Amino acid sequence: MNANWMYVLIIPAFILSLWAQFRVKGTFNKWSQVRASTGLTGYDAARAMLDRNGLHDVPIEPIKGALTDHYDPVQRVVRLSEPVYYESSIAAISVACHEVGHAIQHQQHYPALVLRHRMLPVVRFASGLAPFLFIAGIIFAATNLIGLGVIFFSAAVAFQLVTLPVEFNASNRAREVMVAEGFIGRDEERGVAKVLNAAALTYVAAALMSLLELIRFVLIFTNSRD
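Residues numbered from 1 in each chain as written. Predicted model: local features only at pLDDT ≥ 70, side-chain atom pairs only at ≥ 80, totals over all residues. Heavy atoms only, no water.

K.L.:
Pulling in residues and values, what's your account of the packing of aromatic side chains?
P.N.:
Scanning the entire structure with this criterion turns up five aromatic pairs. Aromatic side chains Phe153 and Phe217 sit 5.3 Å apart centroid to centroid with 90° between the ring planes, which places their arrangement in the edge-to-face category. One end of the pair, Phe153, is in helix α6 (residues 143–180); the other, Phe217, is in helix α7 (residues 189–224), and 64 residues separate them in sequence. Here Phe153 falls in the buried class, since its relative accessible area comes to 17%. An aromatic cluster of three or more residues is present, and its members are Tyr43, Tyr85 and Tyr86. Over the ring of Tyr110 we find Arg173; its NZ or CZ atom is 5.7 Å from the centre of that ring. (Phe/Tyr/Trp six-rings, centres within 6.5 Å; stacked < 30°, edge-to-face > 60°. Helix = DSSP H or I, 4+ residues; strand = E, 2+ residues; numbered from the N terminus. Buried < 20%, exposed > 50% of the residue type's maximum accessible area, 1.4 Å probe, protein only. Lys NZ or Arg CZ within 6 Å of the ring centre and 35° of its normal.)

The structure is reproduced here in structure tokens:
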């Protein structure tokens, strides 16, 4: 396959990525308007889920922005965006419990998460250097530099692929706990699934984009050797 033909695949993947981002924002906004029947806020649900898993020492902090929620494995803290931290909605509880899912993964040494953390320093270095290697390789017709760029970019792609099971597993943990502990009613599970599935789609789209880019770079490398 000619490298130029890869654009035929990359463009739809790029559109999918944009749509996924639009969908997660739209879905979050929609279910942010639906109050949870239990009246729990994102903070309440996160605190309860942490405590039920023995993570009493893991704090929860509010942060500015929207959809900036994350678990920091270095500081061992769950950070929730203010709309999630303070609000009592299906979206807020879903996102909060998903982030706690990562804290539980950390506690239990979930293999994919451990691998992801170990890969991070290498990926940060490799992904930052890869574009310069490609550019230099093309400008100076240096096949070796292009090949090295492919190797470095492969690390970033591998990181995104490893991220997928980490995110899906955190969402599954969140759903199970939310239902089992009564954070939501049975009739609210649909909303939870909508929110978490929309978020997961962004990771799938990003991984697909990166994988197709890697294939294109491999083809460029192969053609440069002919």
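Let us keep going from here.
K.L.:
Describe the pairing of strand β3 (residues 77–81), naming the residues involved and giving the relevant values.
P.N.:
For β3, the buried fraction is high: five of the five residues fall into the buried class. Side chains Val77, Arg79 and Ser81 of β3 all project onto a buried face; the interleaved residues Val78 and Leu80 project onto the opposite face, where all are buried too. Of the strand pairs in this sheet, strand β1 (residues 60–63) and β3 are connected by four bridges, and their pairing is parallel. Directly across from Pro62, in β3, lies its bridge partner Leu80. Bridge count between strand β2 (residues 70–72) and β3: three bridges; the pairing is antiparallel. Bridge pairing in β3 links His70 to Arg79. The hairpin formed by β2 and β3 contains four residues between the paired strands, and Arg76 there has a positive phi angle of roughly 55°. (Pairing = 2+ DSSP bridges.)

K.L.:
A description of the sheet that holds β3 should follow, citing residues and the corresponding values.
P.N.:
Overall, mixed pairing links the three strands, which are arranged β1-β3-β2 in an open sheet. Across the chains shown, the open sheet's two edge strands, defined by having one partner strand only, are β1 and β2. Strand after strand, the sheet turns through a mean of 30° between neighbouring axes, direction not considered. (Axes fitted to C-alpha atoms, helices over the stretch in contact; angles between N-to-C directions.)

K.L.:
Let's hear about the packing of helix α5 (residues 111–139) against α6: which residues, and what values?
P.N.:
For any two helices packed against each other, one specifies the inter-axial angle together with the distance between the axes. At a closest axis distance of 7 Å, the pairing of α5 and α6 adopts a crossing angle of 150°. The angle between the axes of α5 and α6 places the two elements in the roughly antiparallel class. The handedness of the crossing between α5 and α6 comes out as left-handed. Each residue belonging to the contact of α5 with α6 can be placed in one class, and the counts come to 27 nonpolar, four polar and one charged. (Parallel < 35°, antiparallel > 145°, perpendicular 65-115°, else oblique. Left-handed = near helix turned anticlockwise from the far one by under 90°. Nonpolar A, V, L, I, M, F, W, Y, C, P; charged D, E, K, R; others polar.)

K.L.:
How would you explain the layout of surface pockets if you had to name every residue and give the values?
P.N.:
In this structure, the largest pocket encloses a volume near 790 Å³. Lining the largest pocket are 32 residues, with Asp69, His70, Glu99, Glu167 and Tyr203 sitting closest to its centre. Elements represented by at least two residues in the lining of the largest pocket include exactly α1 (6–32), β2, α4 (90–108), α5, α6 and α7. (1 Å grid on protein atoms, 1.4 Å probe; cavity = no way out; pocket = protein on both sides within 12 Å on 5 of 7 lines; lining within 4 Å. Points joined across faces, edges and corners; volume = space filled by probe spheres on them.)

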